[in-house]
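# Observations on the model geometry
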Amino acid sequence: MTQAVTRYHALYESIRSRRRRPETYKGADALVAWTKLKIRTRGTGLRSLKAEARLVDALAPQIRTLGERALDEEVARVRETFLRRRIEREDVRRALALTREVARRATGEEAYVVQLTGALGLYHGRIVEMLTGEGKTLTGSIAAPLIAWERRSLHVFTVNDYLAARDAESRRPIYERCGCSVGAIQGEQSPQERAPIYARSIVYGTPKQITADYLRDQIRVASIPSPWTGRQTLGSQMGMGGPLVPGLRAALVDEADAVLIDEGVVPLIIARARHEDAMGLVYRQASQLAASLDEGPDYTIDALRRKAELKRRGRHRAQAQWQQFSEPIWKAQRRAEELVKQALVAEHCYKRGQQYEIVDGQIVIVDEYTGRFLKDRSWEHGLHQAVEAKEDLEVTADRETLARLSFQRFFRMYPFLAGMTGTAADATREMERVYDRPVVRIPT
């Protein structure tokens with residue numbers, strides 16, 4: 001057995017020395033990558049987690065006899081152990097038993113063995129799959145203090161602002177009794193309001209909000225010539241002596257399959273207007289031209305895909321009109337057709353009060369699912385300008401990209417990553433390949 005373990009460690013070190021991701025291995029190297037995964041997950045599989053959860057459950061009678069003051073003293077003692085990072089298995093068991101009891105007294109919710117199993121999986125950096133109704137919220141809230149103690153801070157990602165605010169408030173009694181401060185990042189908050197929230201132990205928010213704040217920090221830092229200038233600049237901009245997001249230490253992702261896989265490759269882009277749009281007249285001409293065509297004989301609209309197609313008659317009629325325009329862009333046949341089709345899409349597929357609204361003479365995008373205004377966002381590839389021309393507003397310029405970052409790359413920056421989901425079965429291989437995170441399925 002000793003020789004086998006030594007051989008596994010030798011294979012593990014050989015992978016580290018090659019500095020390649022596991023999915024790049026072929027043939028015999030695939031076995032080495034598999035061995036690496038087995039070594040790293042040893043002792044944290046479902047069977048081991050369930051055994052540990054039963055040991056945690058066995059501490060319940062002893063923990064329940066503690067008075068309120070004695071419970072607080074025990075929590076403070078085990079928290080100090082985690083802060084010093086001198087953590088043994090017994091410390092993890094007792095810490096989880098204590099947070100379980102804190103949750104029971106604060107909310108009336110008592111975690112069962114399966115939820116303790118899930119919490120241990122989260123603490124060990126796993127993607128935990130639990131069916132809907134099995135208590136993922138409670139599972140995450142008894143694991144979060146342990147992660148926040150050891151990692152100093154924890155970002156908990158939810159799918160929207162409402163859930164972030166709701167969960168932060170409903171879990172607040174648990175976290176505060178465990179010595180952790182908690183807050184939620186909301187879309188309408190200013191940087192001055194967000195700064196003290198990011199300084200708390202546990203921060204709830206959506207991937208878009210936290211990733212955007214991180215990118216803005218990078219933009220500010222990139223323009224600073226020296227550390228001293230940076231201290232003065234960041235302090236004057238934010239009312240504090242550092243970046244808005246103080247660091248990426250640990251992340252706990254709710255609905256992990258949707259956030260990490262479905263939206264993982266979507267880039268978040270921060271941009272700014274460069275100058276007044278020189279093509280304003282062209283977009284207006286395209287809008288007038290599109291309005292002169294007849295739906296059916298001249299073009300078709302696919303409202304579901306938000307696409308327009310010119311028919312032969314429509315193409316000839318449009319061409320006869322744009323040949324009278326003096327702007328050079330109308331001399332390019334394909335680009336001219338694209339402008340007309342974009343104007344048709346803006347006319348038929350984007351309605352005021354549904355996809356956008358006009359506020360202070362500007363187009364403001366409306367989130368179709370929540371109805372919220374997205375003031376700092378704009379459509380790409382000329383669509384925003386086409387809608388402005390349709391509404392006879394000032395046509396703004398295309399934006400200059402300052403920074404972009406995919407959610408997949410952002411989450412891989414965290415030294416510690418865990419997640420919860422109800423449906424990870426179809427994304428298990430992607431979780432292991434992209435994020436190097438094993439999936440643990442918790443039985444009902």
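Residues numbered from 1 in each chain as written. Predicted model: local features only at pLDDT ≥ 70, side-chain atom pairs only at ≥ 80, totals over all residues. Heavy atoms only, no water.

### A look at the overall build of the protein
Test applied: Going along the chain from the N terminus, every DSSP run of H or I of four or more residues is numbered as a helix, and every run of E of two or more is numbered as a strand. Relative accessibility decides the category of a residue: with a 1.4 Å probe and only protein chains considered, values under 20% of the type maximum give buried, values over 50% give exposed, and everything between is partly exposed. Whether two residues are in contact is decided by their heavy atoms, any of which lying within 4.5 Å being enough. All accessible-area figures derive from a Shrake-Rupley calculation using a 1.4 Å probe, and residue coverage is judged against the displayed protein chains alone.
Counting secondary structure elements, the protein contains 19 helices and 14 strands. Sorting the 444 residues of the protein into buried and exposed places 45% on the buried side. Counting contacts in the protein only where the partners sit at least 6 residues apart, residues at least 24 apart contribute 70% of the total. Accessible area of the protein: about 23300 Å², with a carbon and sulfur share of 48%.

### As for the pattern of salt bridges
Defined as follows: By salt bridge we mean one thing: a side-chain nitrogen of Lys or Arg within 4 Å of a carboxyl oxygen of Asp or Glu.
Considering all chains together, one arrives at 33 salt bridges under this definition. Where glutamate 101 meets arginine 104, a salt bridge forms, and the shortest distance between an N and an O atom there is 2.7 Å. Residue glutamate 101 and its partner arginine 104 are both found in helix H6 (residues 89-107); the two are separated by three residues, about one turn of the helix. Residue classification places arginine 104 among the partly exposed positions, given a relative accessible area of 28%. One salt bridge connects aspartate 392 with arginine 284, and the closest N-O pair in it is separated by 3.1 Å. Here aspartate 392 is found in the loop between helix H17 (383-390) and strand S12 (399-406), whereas its partner arginine 284 is found in helix H14 (residues 280-291), with 108 residues between them in sequence. The exposure class assigned to arginine 284 is partly exposed, which follows from its relative accessible area of 25%. Connected via shared salt-bridge partners are Glu68, Asp72, Glu101, Arg104, Arg105 and Arg177.

### Some points on the sheet that holds strand S9 (residues 356-359)
Going by this rule: Here, a strand pair is defined by DSSP locating no fewer than two bridges between the strands. A fitted line through C-alpha atoms represents every axis, and for helices the fit uses only the stretch in contact; the resulting angles, taken between N-to-C directions, go from 0 to 180 degrees.
The three strands lie next to each other as S9-S10-S11, forming an open sheet whose pairing is antiparallel. The open sheet terminates on both sides in strands that have one partner only, identified here as S9 and strand S11 (373-374). Alignment of strand S10 (residues 362-366) against S11, held across two bridges, turns out to be antiparallel. Following the sheet pairing, isoleucine 365 is matched in S11 by leucine 374. Packed onto the sheet, H17 meets S9 and S10 and runs at close to 120° relative to S10.

### Concerning the side chain of glutamate 327
Heads up, the condition is: His residues and chain termini do not enter the charge count, which takes Lys and Arg as positive and Asp and Glu as negative. For the purposes of these results, a polar contact is taken to be a pair of N or O atoms within 3.5 Å, where, inside protein, one atom must be able to donate a hydrogen and its partner to accept one; residues adjacent in sequence count only when each atom of the pair is a side-chain atom.
Along the polypeptide, glutamate 327 turns up in the loop between helix H15 (312-322) and helix H16 (333-349). Buried charge without a partner: glutamate 327 forms no salt bridge, and the closest opposite charge is lysine 331, 8.5 Å away. Polar side-chain contacts of glutamate 327 include one of 3.3 Å to the side chain of glutamine 285. Ignoring sequence-local partners within four residues, the contact set of glutamate 327 consists of Leu281, Val282 and Gln285.

### Here we look at the pairing of strand S7 (residues 299-302)
Note that S7 and strand S8 (residues 307-310) share four bridges and pair antiparallel. Bridged to tyrosine 299 within S8 is leucine 310.

### Description of helix H3 (residues 46-58)
To keep it simple, the criterion reads: Every helix has an expected span of 1.5 Å times one less than the residues it contains. The directions from the helix axis to the C-beta atoms form the arc being described.
Helix length check: H3 (13 residues) gives 18 Å between terminal C-alpha atoms against 18 Å at 1.5 Å per residue, within 8%. Within H3, the full set of buried residues consists of Leu49, Glu52, Ala53 and Val56. Looking down the long axis of H3, one finds its buried residues gathered within 105° of arc, a one-sided arrangement. Of the exposed residues in H3, those oriented more than 90 degrees away from the buried face are Arg47 and Ala58. At its buried positions, H3 is contacted by helix H4 (60-64), H6, helix H7 (113-123) and strand S14 (439-441).

### Some remarks on the environment of leucine 244
For leucine 244, the location among the structural elements is in the loop between helix H12 (227-238) and strand S5 (250-254). Counting along the chain gives 48 residues from leucine 244 to proline 196, while the straight-line C-alpha distance between them is 8.8 Å.

### Let's talk about the nonpolar core
Within soluble globular proteins, side chains that are nonpolar generally end up buried alongside one another. Under the convention used in this document: Nonpolar cores are built from buried Ala, Val, Leu, Ile, Met, Phe, Trp, Tyr and Cys residues. Side-chain atoms within 4.5 Å join them into one set.
Membership of the largest hydrophobic core comes to 50 residues, with the highest contact counts inside it found for Trp149, Ile202 and Tyr204. Top contributing element to this core by residue count: helix H8 (residues 136-151), with eight residues. Ignoring sequence-local partners within four residues, the contact set of isoleucine 202 consists of Ala144, Ala148, Leu154, Val156, Tyr175, Cys180, Ser181, Val182 and Gly183.

### Observations regarding the packing of H3 against H7
The geometry of a pair of packed helices is captured by two quantities: the angle between their axes and the separation between those axes. For clarity, the threshold we go by: Throughout, the term roughly parallel applies to angles under 35 degrees, roughly antiparallel to angles over 145, roughly perpendicular to angles from 65 to 115, and oblique to all others. Two helices crossing with the near one rotated counterclockwise from the far one by less than a right angle form a left-handed crossing, whereas a clockwise rotation gives a right-handed crossing. The classification used treats Ala, Val, Leu, Ile, Met, Phe, Trp, Tyr, Cys and Pro as nonpolar, Asp, Glu, Lys and Arg as charged, and all other residues, Gly among them, as polar.
Closest axis-to-axis distance for the H3/H7 pair is 8 Å, and the angle between their directions is 120°. In terms of axis orientation, H3 runs oblique to H7. For the element pair H3 and H7, the recorded crossing hand is right-handed. Contacts between H3 and H7 involve Leu46, Leu49, Lys50, Glu52, Ala53, Arg54, Val56 and Asp57 from the former and Val113, Leu116, Thr117, Leu120 and Gly121 from the latter. Its residues placed into classes, the contact of H3 with H7 shows seven nonpolar, two polar and four charged.

### Examining the environment of leucine 405
For leucine 405, the location among the structural elements is in strand S12. On the basis of relative accessibility, which here comes to 5%, the residue leucine 405 falls in the buried class. The spatial distance from the C-alpha of leucine 405 to the C-alpha of leucine 268 is 5.4 Å, given a sequence separation of 137 residues. Dropping the residues within four chain positions of it, leucine 405 is found in contact with Thr211, Tyr214, Leu215, Val266, Pro267, Leu268, Phe410 and Met413.

### A look at the pairing of strand S4 (residues 202-205)
Quick note on the threshold: Whether a crossover is right-handed comes down to one check: with the strands pointing away from the viewer, does the path from the first strand over the helix to the second run clockwise; if it does, it is right-handed.
Neither face of S4 is exposed, since Ile202 and Tyr204 on one face and Val203 and Gly205 on the opposite face are all buried. Bridge count between strand S3 (residues 182-184) and S4: three bridges; the pairing is parallel. By the bridge assignment, alanine 184 is partnered in S4 with tyrosine 204. With respect to chirality, the unit in which S3 leads through helix H10 (residues 191-198) into the neighbouring parallel S4 is right-handed.

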